[in-house]
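Residue-level structural notes
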Amino acid sequence: MQILKCVLFTVLSALLYTSSANSYEQTEIESWIEYCPSKRLCFEHPASLKPASVQAIDSLAGQLENNKTVLHYDLGLYASTFRELTSANSAPIMVDGYKGKVLTFKNTIALTIEKIAGNDRFSMLLEYKDTLKAEEAERIFKSVKFNF
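Quick caveat: nothing in here was measured; it's all calculated off a predicted structure.

**Focus: the pairing of strand β2 (residues 41-46)**
Of all the 6 residues making up β2, 5 are buried; the element is thus mostly covered by neighbouring parts of the structure. Across 5 bridges, strand β1 (residues 32-38) lies against β2 in antiparallel orientation. The partner of Ser38 across the bridge, within β2, is Leu41. The hairpin turn running from β1 into β2, its antiparallel successor, is 2 residues long.

What follows is the structure in structure tokens.
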């Protein structure tokens, strides 16, 4: 009986050690890369976001996506001001020396800068399929650089 108790104690100790060791595993931190769709615009984003095939007619626009996020950007005369997001929370932001607004609504967060150079304006929209990642979006927004 004493041997059986000793064996059970050893097995239980090993199982507890294994389960507690796995509970401290850190999630991998995603790397970020700089993306420059033209000489006029660059920004950083998580490396998992990949360019999607979209066609813009009169502006520098594009889309990046992964299985959890879709990022849209538009630099030009008709870039969105997101006036349709009437019930969104709004906050001011400075991006590369330009005054803009961040609009947050459900799992969507958007940046709009109404005047960049000439008549150009800029917009960026992040749609999260799960939960909103405001810190990630703000990091992307603040990394935007214009070259005019």
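**So, the packing of aromatic side chains**
Aromatic ring pairs are reported here in terms of the distance separating the ring centres and the angle at which the planes meet. For the structure shown, the criterion picks out 6 aromatic pairs. Here the aromatic residues Tyr98, Phe122, Phe146 and Phe148 are joined through ring pairs into a cluster of three or more. Across from the ring centre of Trp32, 3.8 Å away, lies the NZ or CZ of Arg139, which sits over that ring.

Conventions used here
Residue positions are given per chain, counted from 1 along the sequence in the order it is written. Given that this is a predicted model, residues contribute local features only at a pLDDT of at least 70 and side-chain atom pairs are listed and counted only at 80 or more, while totals for whole chains, interfaces and linings are drawn from all residues. Hydrogens and water are ignored here; the side-chain numbers use all heavy atoms of the structure. Remark: exposure states derive from per-residue accessible area (1.4 Å probe, protein chains only) relative to the maximum for the residue type, with buried under 20%, exposed over 50%, and partly exposed in between. Per the convention used, a helix needs a DSSP run of H or I reaching at least four residues, while a strand needs a run of E reaching at least two, with both numbered from the N terminus. Strands qualify as paired when DSSP identifies two bridges or more between them. Between 30 and 60 degrees the pair is tilted, below 30 it is stacked and above 60 it is edge-to-face, where a pair is any two Phe, Tyr or Trp rings, Trp via its six-membered ring, whose centres lie within 6.5 Å. Definition used: whenever NZ (Lys) or CZ (Arg) falls within 6 Å of the ring centre and also within 35 degrees of the ring normal, the charge is taken to sit over that ring.

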